[in-house]
Amino acid sequence: MMPKSRTTVSLLLLPLVLWLPCLPHILGQNVVPFEYHDYSQVTQVLREFHQNYSDITHLYSIGQSVQGRELWVIAISDNPTVHEVGEPEVQYVGNIHGNEVIGKELLLHLLEHLAGGYGKNGTISSYLNTTRVHILPAMNPDGLQGSLEGDCYSSIGRENARSYDLNRNFPDKFEVNTQPIQPETQAIMNWTRSIPFSLSAIFHGGAVVANYPWDNTPLGQNGPSIYSRSPDDDIYRHLALTYSENHGTMHQGDICSGDFFEDGISNGADWYPLRGGMQDWVYIHGECLTVTLEVSCCKYPTQDQLGDHWTQNKNSLIELLLQVHRGIKGQVFINGTDVPVSEATVTIGDRDNTFHTTSDGEFWRILVPGQYSVTVSKAGFSSETRTVIVPGNLTFSAVIEDFYLVENGTSSAPNASVTTTGYTTETTDSEGRDARHLAGNGCRRQMMDSFVTLLNGAMIMLISMDCVL
């Protein structure tokens, strides 16, 4: 039998023992060490984060690699398991080339930064309350397992287990891609189609530059390097510059020998054209603005450099995330009702690309500050065009613009008349936009108001019972 004094000491030490796993978080220390993580270690880190932050993280797999490794994604938000109407979704993907490893490590540290800052850092808290971020650290885990630390230039581990380059494996805008779609590629395609992502970033190594569509040209990948301009070239330049200018050195443009990139950014095909790139596919078929980030001159630098790479990229990673709230967003309804219109076409000015509303009638588009003509249309409805002003200041919500389409053969209802004034829209319908549009924290604020009312009622009841007794 344990002596009483020893039992007392053990009981006194019990709270300290229970708190020890949380001590690094309390002290603000790194829980993810600046060490390389192989596939099993990445899996373990993600599971630990989900366990320690179960209220704001959701761990799930989007498929398996050729050799059966799960493609783990961790979502982080105040409500991480579901898409909330009106809130944008962000996709960050690392390690598409198995031997380009810095992106994978940056994403693990970003996850730690976001999770540890929630509830403590105002910017992080506000962001995660209004956004859901999905992080896939390793898209090519089979290639990762065959890569070698310190190997800066070879292609060992670049491809998947069937020797296919996954960043040449997607259907292409300009050429027929005859490569068979690989399991990792198919998983990305299914995932991107299943969630309405607004912003995506893909991480590479071997250069230091922010790269944006198009990656290919009408002349094909064997043609010359020329600037292949997309319809959203102005937005893409803004996103690339956001990352470059907030990076420790990328904006200098000549970090690695052999290439010079003005301001640290480049149109993909102007650097070199390629067929089957992921960023072009996500832009077209995911209707999502996507940039490719080359974040290290050496593809697999030695481990002692990891801390420096995090310092160089930290601000860029955060600032790029914030851009998802720049531009416009809204919902499309059947006029006079709360019924959303799915698959409505949204067009910005005379840009020759369009995007479409979700099953809840939602749409998002990142835009640089300025004045835009926005048209929403769908077969069977009259189209609506409206002028929208996107301001220069950045908040945790894009400009909200809801549209109300009139079905052909019906008359206009009162809420068809809308006056646009930048962030606010006035409507003659008493239930108008604010009652219909579930944006930002609207639903949560309404739930909190109801909870406070209920709590006040309970307190009054208890006081009354105390008086009676």
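Where an unreviewed UniProt entry is consulted, the protein chain appears under the name CPD protein, with the organism given as Branchiostoma lanceolatum. Under the heading Cofactor (unreviewed entry), UniProt records this for the protein chain: "Zn(2+)".

Caption draft 1: The nonpolar core, seen in detail. Formed by 81 residues in total, the largest nonpolar core has its most connected members in Tyr92 and Leu110. Excluding anything up to four places from it in sequence, Leu110 contacts Tyr92, Ile135, Trp310, Leu317, Ile318 and Leu321. The next biggest cluster of nonpolar side chains, apart from the first, holds 22 residues, and it includes Ile96, Phe170, Met189 and Ile195.

Caption draft 2: Representation of the state of the cysteines. Tallying each qualifying case throughout the model produces 2 disulfides. Paired through a disulfide, Cys152 and Cys298 show a sulfur-sulfur distance of 2.0 Å. The chirality of the disulfide connecting Cys152 with Cys298 is left-handed, given an S-S dihedral of about -90 degrees. Taken together, the residues Cys152 in the loop between helix 6 (141–145) and helix 7 (183–194) and Cys298 in the loop between strand 8 (289–296) and helix 11 (306–322) connect sequence positions 146 residues apart. Grouping residues by exposure puts Cys152 and Cys298 together as buried. Two residues, Cys256 and Cys297, share a disulfide whose sulfurs are 1.9 Å apart. Negative torsions about the S-S bond denote left-handed disulfides, and the value of about -90 degrees found for Cys256 with Cys297 makes this one left-handed. Linking Cys256 in the loop between helix 8 (233–246) and strand 7 (265–267) with Cys297 in the loop between strand 8 and helix 11, this pair joins segments that are 41 residues apart in sequence. A relative accessible area of 15% places Cys256 in the buried class.

Caption draft 3: Representation of unusual backbone geometry within the structure. Here Pro213 and Trp214 are connected by a cis peptide whose omega angle stands at 0 degrees. With phi around 65 degrees, Asp263 is a residue other than glycine that occupies positive phi space. Of note, Glu343 is a non-glycine position whose phi angle comes to about 55 degrees, a positive value. Structurally, Glu343 can be placed in the loop between strand 9 (328–334) and strand 10 (345–348). On the basis of relative accessible area, Glu343 is assigned to the exposed category, the value being 51%.

Caption draft 4: Structural detail: the packing of aromatic side chains. Tallied over the full model, the rule gives 14 aromatic pairs. An angle of 75 degrees between the planes, with centres 4.9 Å apart, marks the rings of Tyr36 and Tyr300 as edge-to-face. Taken together, the positions of Tyr36 in the loop between helix 2 (23–27) and helix 3 (39–52) and Tyr300 in the loop between strand 8 and helix 11 put the pair 264 residues apart, joining distant regions of the chain. Residue Tyr300 is classed as buried on the basis of its relative accessible area of 9%. Here a set of aromatic residues connected by ring pairs shows up, and it is made of Phe174, Tyr212, Trp214, Tyr227, Tyr236 and Tyr283.

Caption draft 5: The arrangement of the pairing of strand 14 (residues 384–390) in detail. Residues Glu384, Arg386, Val388 and Val390 line the buried face of strand 14, whereas the alternating positions Thr385, Thr387 and Ile389 sit on a face that is not buried. Bridge analysis of strand 13 (residues 370–377) against strand 14 gives 7 bridges, and the strand direction is antiparallel. Each bridged residue has a counterpart across the sheet, and for Val374 the counterpart in strand 14 is Arg386. Following strand 13, the chain reverses through 6 residues before pairing antiparallel with strand 14; Gly380 in that reversal takes a positive phi of roughly 95 degrees.

Caption draft 6: How the structure looks around the UniProt feature "active site" (unreviewed entry) in the protein chain. UniProt feature "active site" (unreviewed entry): in the numbering of this structure it lies at Glu294. Note on placement: Glu294 falls in strand 8. Glu294 has contacts with His204, Gly205, Gly206, Ala207, Val208, Val209, Met250 and Trp271, leaving out every residue within four places of it along the chain. A polar side-chain atom of Glu294 sits 3.4 Å from the main-chain amide nitrogen of Gly205.

Caption draft 7: Main features of the sheet that holds strand 13. Read across the sheet, 4 strands follow the order 11-10-13-14 without closing on themselves; strand pairing throughout is antiparallel. Looking at which strands have only one partner, the edges of the open sheet turn out to be strand 11 (354–356) and strand 14. The sheet shows a mean angle of 30 degrees between the axes of neighbouring strands, taken without regard to direction.

Caption draft 8: Up close: the sheet that holds strand 3 (residues 89–93). Across the sheet, which stays open at both edges, the 8 strands sit in the order 1-2-4-3-5-8-6-7 with mixed pairing between neighbours. Lying at the two open borders of the sheet, with one neighbouring strand each, are strand 1 (57–64) and strand 7. Ignoring strand direction, the axes of neighbouring strands in this sheet form an average angle of 20 degrees. As paired elements, strand 5 (residues 197–204) and strand 8 share 6 bridges and run parallel to each other. The partner of Leu199 across the bridge, within strand 8, is Leu289. Each of strand 3, strand 5, strand 6 (207–212) and strand 8 touches helix 10 (residues 278–285); the most contacted strand, strand 8, lies at about 160 degrees to it. Lying over the sheet, helix 11 contacts strand 3, strand 4 (132–136), strand 5 and strand 8, oriented at roughly 170 degrees with respect to strand 8.

The rules behind the values
- Residues numbered from 1 in each chain as written.
- Predicted model: local features only at pLDDT ≥ 70, side-chain atom pairs only at ≥ 80, totals over all residues.
- Heavy atoms only, no water.
- UniProt positions renumbered as here; feature names shortened; annotations may be inferred.
- Core = buried A, V, L, I, M, F, W, Y, C linked by side-chain atoms within 4.5 Å.
- Buried < 20%, exposed > 50% of the residue type's maximum accessible area, 1.4 Å probe, protein only.
- Contact = heavy atoms within 4.5 Å.
- Disulfide = S-S within 2.5 Å.
- Helix = DSSP H or I, 4+ residues; strand = E, 2+ residues; numbered from the N terminus.
- Phe/Tyr/Trp six-rings, centres within 6.5 Å; stacked < 30°, edge-to-face > 60°.
- Pairing = 2+ DSSP bridges.
- Polar contact = N/O pair within 3.5 Å; in protein donor to acceptor, adjacent residues only side chain to side chain.
- Axes fitted to C-alpha atoms, helices over the stretch in contact; angles between N-to-C directions.

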